[in-house]
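# Analysis of the macromolecular model
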Amino acid sequence: MIAMQYDFPLPADYDMAIIDRRIRDKGPLLDNLPGLKFKAYLTARKGDAVTASRRNLYAPFYVWHEEEGLSDFVCGTGFAALTENFGRPQVNTWVAWRADAAADIRSVRFATREVAAIDINASLADLRAEESEAAAMALSNGDALASVIAFEPTHWTLVRFRLLAEPPKHPDRSGLQVYHVGHLSLPGVA
């Protein structure tokens, strides 16, 4: 599996209702998209009490079963239309170590994403085991509706991504970006 995210930082006075409307109109178009495990349509608003964001963001997060789905999407007409409206973003990708979802994933309202540097001296096998266990624990103890841990070996970072029903308990933790989820595209959506 592959995790992917791009973001569009928007001006402080940008009318985020435009993004909300775009998500509402375009989000269902990716329901049942071949190769997609899920896509979370994410926003953060400057000054929002829940996200505590310093800026306005539109930052969808994807988990693909295989690289072919990602490639087909990025080379397709939907992504081309997005880039015509907002410019071509840097697309961050990570190889997923673990990506699990709870049965009630559709009750998601919030998401968190944390990108951390992988220490040069860290055992990757040990890190994979520790982070995978923590991701599974977040799901099993009810803290998350979906939990993804992934890494990328170019800049040696890992990403911890969680989908949540309730706002995070510690949103001000350093390096943690909190989002509102406007739509969740999944397989099996009618």
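As a starting point, this report considers the structure included with it. Just so we're clear, the structure is a prediction, and the values are computed from it rather than from any experiment.

On to the packing of aromatic side chains. In this structure the tally under the stated criterion is 14 aromatic pairs. Relative to Phe 161, the ring of Phe 38 has its centre 6.4 Å away and its plane inclined at 25 degrees; by these criteria the two rings are stacked. A residue pair is termed long-range when its members are at least 10 positions apart, and Phe 38 in strand E3 (residues 36-44) and Phe 161 in strand E9 (residues 157-164) qualify at 123 residues. Ring centres of Phe 61 and Phe 161 lie 3.8 Å apart, and the angle between their planes is 5 degrees; this geometry places the pair in the stacked category. Here the residue Phe 61 occupies a position in strand E5 (residues 61-64), and Phe 161 occupies one in strand E9, the gap between them amounting to 100 residues. The buried category is assigned to Phe 61, whose relative accessible area is 0%.

Here we come to the side chain of Ser 147. You can see Ser 147 is positioned in strand E8 (residues 146-152). Side chain to side chain, Ser 147 and Arg 162 meet in a polar contact 3.1 Å long. Discounting chain neighbours no more than four positions away, the residues touching Ser 147 are Arg 98, Ala 99, Asp 100, Ala 135, Ala 138, Leu 139, Phe 161 and Arg 162.

Quick look at helix H2 (residues 67-74) now. The set of residues buried in H2 consists of Gly 69, Leu 70 and Phe 73. Angularly, the buried residues of H2 cover 100 degrees about the axis, an arc narrow enough to put them on a single face. Residues Glu 67, Glu 68 and Asp 72 are exposed on H2 and point more than 90 degrees away from its buried face. Looking at the buried side of H2, the elements it contacts are strand E1 (2-5), E5, helix H3 (77-86) and strand E6 (92-101).

Another aspect to go through is the environment of Ser 147. According to the relative accessible area criterion, Ser 147 is buried, its value standing at 0%. With 16 residues separating them in the primary sequence, Ser 147 and Leu 163 have C-alpha atoms 6.6 Å apart.

Turning next to the pattern of salt bridges. With the rule as written, the count across this model stands at 4 salt bridges. Taking the shortest distance from any N to any O, the salt bridge between Asp 100 and Arg 98 comes out at 2.4 Å. Judged by relative accessible area, which is 31%, Arg 98 ranks as partly exposed. Glu 131 is paired through a salt bridge with Arg 160; the nearest N and O atoms lie 2.7 Å apart. Here Glu 131, found in helix H4 (residues 124-140), pairs with Arg 160, found in strand E9; they are 29 residues apart in sequence, far enough to count as distant. You can call Glu 131 buried: its relative accessible area is 10%. Sharing partners across several salt bridges, the network here consists of Glu 114, Glu 131 and Arg 160.

The subject of this paragraph is the pairing of E6. By the bridge criterion, 4 bridges tie E1 to E6 in an arrangement that is antiparallel. The residue of E6 that forms the bridge with Ile 2 is Val 95. With 6 bridges joining them, E6 and E8 adopt antiparallel strand pairing. Directly across from Ala 99, in E8, lies its bridge partner Val 148.

Looking now at the nonpolar core. Ranked by size, the top nonpolar core spans 26 residues in total, and within it Phe 38, Leu 42, Phe 61, Phe 161, Leu 163 and Leu 184 carry the most contacts. Sort the elements by how many residues they give to this core and E3 lands first, with 4 residues. Excluding its chain neighbours within four sequence positions, the residues that come into contact with Leu 163 are Phe 38, Ala 40, Ile 105, Val 108, Phe 110, Ala 111, Ala 144, Leu 145, Ala 146, Val 181 and Leu 184. Residues Tyr 6, Ile 23, Tyr 41 and Phe 79 belong to the second largest nonpolar core, which totals 18 residues.

Scoring rules and cut-offs
- Starting from 1, residues in each chain are numbered consecutively following that chain's sequence as written.
- Note on the predicted model: pLDDT of at least 70 is required for a residue's local features to be given, and 80 or more for side-chain atom pairs to be given and counted; whole-chain, interface and lining totals, by contrast, use all residues.
- As a rule here, side-chain values come from all non-hydrogen atoms in the structure, and water together with hydrogens is ignored.
- Two aromatic rings, drawn from Phe, Tyr or Trp (for Trp, its six-membered ring), form a pair once their centres lie within 6.5 Å of each other, and the interplanar angle then sorts them: stacked below 30 degrees, edge-to-face above 60, tilted otherwise.
- Secondary structure follows DSSP: runs of H or I at least 4 residues long count as helices, runs of E at least 2 residues long count as strands, and numbering of each begins at the N terminus.
- Note on classification: 1.4 Å probe, protein chains only; a residue is buried when its accessible area is under 20% of the maximum for its type, exposed when over 50%, partly exposed between these limits.
- N or O atoms within 3.5 Å of each other form a polar contact, as long as, within protein, one can give a hydrogen and the other can take it, and as long as residues adjacent in sequence are counted only when both atoms are side-chain atoms.
- Contacts are assigned to residue pairs with any non-hydrogen atoms lying within 4.5 Å of each other.
- What the arc covers is the set of directions going from the helix axis to the C-beta atoms.
- Salt bridges, as used here, are contacts in which a Lys or Arg side-chain nitrogen is within 4 Å of a carboxyl oxygen on Asp or Glu.
- Two strands pair if DSSP finds at least two bridges between them.
- We define the nonpolar core as a collection of buried residues of types Ala, Val, Leu, Ile, Met, Phe, Trp, Tyr and Cys that are connected through side-chain atoms lying within 4.5 Å of one another.

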